[in-house]
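This is what each chain is made of:
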Amino acid sequence: MNPQEAPPAGPAVRTVLGDLPPGELGVCDAHDHLFLRSPLLPGQELADPVAAGAELRAFQEAGGDAVVQWTPRGMGRRRAELAALARATGARLVAATGLHQAVHYDPELLGRVRGGLAELFVEDLTTAPVRAGLIKVAGGFHGLDAHARWVMAAAAEAHHATGAPVAVHLELGTGAQAVLDLLCDEGEVPPDRVILGHLGRSADVRAQLSAARSGAYLAFDGPSRAHHPTDWRLFDSLAALAEAGHADRILLGGDTTTAAARGVGGGGPGMPYLLNTLRPALAAGLGGEFTERVFVGNPARAFAAHWR
């Protein structure tokens, strides 16, 4: 869909090549990065379109159809390259607007956008040549600083203007309730439009269950993070959520943030791990219906919006 066209009447996933009916999204990596740069990761930039294409094709060969890139503004999201990759491979790719924690940015850049952040998010979502399909924001460790509150307030405003989902980086899996209080209570964003990332980085299953009861989506997205003991906790968390009736709230992603973590040309496990290793293990432990839900059905609902 061109930016000049009217939004679709029903819900749609906004990909870099246009709006897509949710049922066409397919098997989805709900949180990953094909392109990313940060001063906190010197020398590990994801900036090579050829390497990104190789990783994406390996994910497709494992049975993947779609990737949601959570790279926000100012961190090398490379939307034109995402669109080129989508055309070349047939993958459904979703880009992000938003901002990460302040430590990822030059203070002068943040000062330049201080007065019009929500408007920039809306532009990215609605009129940019390659449009974003979600808003990425970030909390802090067990709380929210002034930067996080400012960005989340702008995200809530942009959500109300567009309908876009809001995806949240939770620092080490903490602070979910503070985020929900700000976005959903103060900002009046419906909880089912919020995706809480990195919950698996904390062992607090009670917090995960509480977040699921709110109606938000929970993204478990740590397999590529070698320094986080996520995998051995993952099955216990997912089983507890499913047993409590919250299987429809779960999303899974790789969150590959460095070149060294890629499955093709890096040390792995990278994006293909989700489907080559994790999916059959989940099917064996929790059933094929569960894996179909978390890789296909849930992302189709979580990333679709009634676009305004």
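The preceding data block contains the structure.
Attention in this report is confined to the structure presented alongside it.

Rules and cut-offs
Residues numbered from 1 in each chain as written. Predicted model: local features only at pLDDT ≥ 70, side-chain atom pairs only at ≥ 80, totals over all residues. Heavy atoms only, no water. Core = buried A, V, L, I, M, F, W, Y, C linked by side-chain atoms within 4.5 Å. Buried < 20%, exposed > 50% of the residue type's maximum accessible area, 1.4 Å probe, protein only. Contact = heavy atoms within 4.5 Å. Helix = DSSP H or I, 4+ residues; strand = E, 2+ residues; numbered from the N terminus. Arc of directions from axis to C-beta. Pairing = 2+ DSSP bridges. Axes fitted to C-alpha atoms, helices over the stretch in contact; angles between N-to-C directions. Parallel < 35°, antiparallel > 145°, perpendicular 65-115°, else oblique. Left-handed = near helix turned anticlockwise from the far one by under 90°. Nonpolar A, V, L, I, M, F, W, Y, C, P; charged D, E, K, R; others polar.

## Considerations on the nonpolar core
- Counting 78 residues, the largest nonpolar core has Leu-93, Val-168 and Leu-196 as its most contacted members.
- Setting aside its immediate chain neighbours within four residues, Val-168 contacts Trp-70, Val-137, Gly-139, Met-152, Val-179, Leu-183, Val-194, Ile-195, Leu-196 and Gly-197.
- Grouped together as the second largest cluster of nonpolar side chains are 19 residues, Leu-20, Leu-134, Tyr-217 and Phe-303 included.

## Focus: helix H4 (residues 117-126)
- Within the span of H4, buried status applies to Leu-117, Ala-118, Phe-121, Asp-124, Leu-125 and Thr-126.
- Looking at the buried side of H4, the elements it contacts are strand E1 (12-15), helix H2 (79-89), strand E6 (96-98), strand E7 (134-138) and helix H5 (146-162).

## Things to note about H2
- Taken as a whole, H2 has its buried residues at Leu-82, Ala-83, Leu-85, Ala-86 and Thr-89. Seen from one end, H2 has its buried residues packed into an arc of 160°, which puts them on one side. Among the exposed residues of H2, those oriented more than 90 degrees off its buried face are Ala-80, Arg-87 and Ala-88.
- At the exit of H2 stands Gly-90, carrying a positive phi of roughly 80°.

## Thoughts on the sheet that holds strand E4 (residues 66-69)
- Across the sheet, which stays open at both edges, the three strands sit in the order E3-E4-E5 with parallel pairing between neighbours. Where the open sheet ends on each side, the last strands, each with one partner, are strand E3 (28-32) and strand E5 (92-94). Pairwise comparison of adjacent strand axes, ignoring direction, gives a mean angle of 15° for this sheet.
- Pairing between E4 and E5: three bridges, direction parallel. When the bridges of E5 are listed, Ala-66 appears paired with Arg-92.
- Each of E3, E4 and E5 is contacted by helix H1 (residues 49-61), which is oriented at about 135° to E4, the strand it contacts most.

## As for the packing of H1 against H2
- Where H1 contacts H2, the two axes come as close as 11 Å, and the packing angle between them is 45°. If you check the angle between H1 and H2, you find them oblique. The handedness of the crossing between H1 and H2 comes out as right-handed. Residue-level contacts link Pro-49, Ala-52, Gly-53, Leu-56, Arg-57 and Gln-60 of H1 to Glu-81, Leu-85, Ala-88 and Thr-89 of H2.
- Per-class residue counts for the contact of H1 with H2 are five nonpolar, three polar and two charged.

Interpretation in functional terms is not warranted from these geometric data alone.
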